[in-house]
Amino acid sequence: MGFKENEGFYPEDANGKVIPSNIHYLETYKAMEDLVKKGKIKSIGVSNFNIKQLQDVLDNCEIKPVCNQFEIHPFLQNDELVDFCIKNGIVVVAYAPFGAPDRSWSKPEDPKVLDNPVILELAKKYNRTAGQIILRWLIQRNIVVIPKSVNPDRIEENSRIFDFNLSDEDMAKFKNIKEKFRYYSFDECDNHPQYPF
């Protein structure tokens, strides 16, 4: 989604909704392709593109996106979009794997991924943290994951996920998680003609 040009980083109208750009994402993508051809950049990635938008790029552009970065965690598994990306050779990059517990707009009633009983049960079984279980689940789905942390101990803990595997049976347990929740819905952009959700 592009926002109105020359109006600041995140231009909003009187109702707090973003002011969309009139430039279609395909026009922007084709400009990025020109930069690849000129050797100014090596590759192009997209973020929050849905299947329709990705297919639009694949059908109308010459260079396939290297990756699509979007929200994935146990409460928003995004299976259809993940499968589409993998089938088309687009690397999936997951943001908010823990549900962004420190986000400024969180509400007390929002479900907490790290407190889910299925994940806590697996953490106990594997003698790992809930975060490590989630990261391992994503890695085993062939998803690149970018957990956010400023805590050095947590960063190190998050990297200790390559010395164990979740069994197929335990991977399947994630399908039994009933909570469904999108932490980054970008509601202030839902008036945008290219809103992806």
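Residues numbered from 1 in each chain as written. Predicted model: local features only at pLDDT ≥ 70, side-chain atom pairs only at ≥ 80, totals over all residues. Heavy atoms only, no water.

Visitor: Would you take a moment to explain the pairing of strand β3 (residues 91-95) for this structure?
Guide: In terms of residue burial, β3 counts as a mostly covered element, since 4 of its 5 residues are buried. With 5 bridges joining them, strand β2 (residues 67-71) and β3 adopt parallel strand pairing. Paired with Q69 across the bridge in β3 is V93. Pairing of β3 with strand β4 (residues 144-145), which is carried by 2 bridges, proceeds in the parallel orientation. Residue pairing across strands places A94 opposite V145, the latter belonging to β4. (Buried < 20%, exposed > 50% of the residue type's maximum accessible area, 1.4 Å probe, protein only. Helix = DSSP H or I, 4+ residues; strand = E, 2+ residues; numbered from the N terminus. Pairing = 2+ DSSP bridges.)

Visitor: Explain the sheet that holds β2 to me, please; I cannot follow it from the model alone.
Guide: Through backbone hydrogen bonds, the strands of a sheet pair up, either in parallel or in antiparallel fashion. Here we have 4 strands laid out as an open sheet, ordered β1-β2-β3-β4, and parallel in their pairing. Both edges of this open sheet fall to β1 (45-47) and β4, since each of them pairs with a single strand only. When β1 meets β2, the two strands line up parallel, connected through 3 bridges. Pairing of S47 across the sheet is with Q69, part of β2. Against the sheet, helix α3 (residues 79-87) contacts β2 and β3, and its axis sits at roughly 170° relative to β2. (Contact = heavy atoms within 4.5 Å. Axes fitted to C-alpha atoms, helices over the stretch in contact; angles between N-to-C directions.)

Visitor: Looking at this structure, I do not really get the packing of aromatic side chains. What am I missing?
Guide: Working definition: an aromatic ring pair is given by the centre-to-centre distance plus the angle between the planes. For the structure shown, the criterion picks out 6 aromatic pairs. Residues Y25 and F49 carry aromatic rings whose centres are separated by 5.3 Å and whose planes lie at 70° to one another, so their mutual orientation is edge-to-face. Within this pair, whereas Y25 is found in helix α1 (residues 25-37), its partner F49 is found in the loop between β1 and α2 (51-60), the two being separated by 24 residues in sequence. With relative accessibility at 10%, the residue Y25 sits in the buried group. Cluster of aromatic residues (ring-pair linked, three or more members): Y95, W105 and Y184. (Phe/Tyr/Trp six-rings, centres within 6.5 Å; stacked < 30°, edge-to-face > 60°.)

Visitor: Please explain the pattern of salt bridges as it appears in this structure.
Guide: Once the charged atoms of two side chains with opposite charge are near each other, the side chains can pair. Enumeration according to the criterion identifies 10 salt bridges in this entry. One salt bridge connects R160 with E156, and the closest N-O pair in it is separated by 3.4 Å. Note on E156: relative accessible area 46%, which makes it partly exposed. For K173, the salt bridge goes to D170, with nearest N and O atoms at 3.2 Å. Taken as a pair, K173 and D170 lie in helix α7 (residues 168-173) at a separation of 3 residues, close to a single helical turn. (Salt bridge = Lys/Arg side-chain N within 4 Å of Asp/Glu carboxyl O.)

Visitor: Where do I start with a nonpolar patch on the surface in this structure?
Guide: A surface patch of nonpolar side chains, about 270 Å² in accessible area, is lined by V66, V91, V144 and I146. By the secondary structure assignment, I146 is in the loop between β4 and α6 (152-159). (Patch = residues over 30% accessible without salt bridge, like charges linked within 9 Å, V, L, I, M, F, W, Y side chains within 5 Å. Areas by Shrake-Rupley, 256 points an atom, 1.4 Å probe, with all protein chains shown as cover.)

Visitor: For this particular structure, what's the right way to read the nonpolar core?
Guide: Note on soluble globular proteins: their nonpolar side chains tend to be buried together. One finds L54, I72, I119, I133, L138, L166 and F174 to be the most contacted residues of the largest nonpolar core, which totals 40 residues. For this core, the elements supplying multiple residues, two or more each, are α1, α2, α3, β3, α4 (117-126) and α5 (130-140). Considering each element in turn, this core owes the most residues, 6 residues, to α5. In this structure, L54 is in contact with V46, F49, P65, N68, L81, F84, C85 and I90, ignoring residues within four places of it in sequence. (Core = buried A, V, L, I, M, F, W, Y, C linked by side-chain atoms within 4.5 Å.)

Visitor: Would you mind going over the pairing of β2 with me for this structure?
Guide: Looking down a regular strand, the side chains alternate between one sheet face and the other. Between β1 and its parallel partner β2, the chain crosses via α2, and the hand of that crossover is right-handed. Handedness of the crossover joining β2 and β3 through α3 is recorded here as right-handed. (Right-handed = clockwise from strand over helix to strand, strands pointing away.)

Visitor: So what exactly am I meant to see when it comes to the side chain of H73 here?
Guide: Following the sequence through the fold, H73 ends up in the loop between β2 and α3. The contacts of H73, once residues within four sequence positions are left out, are A96, P97, G99, V113, W137, F181 and Y183.

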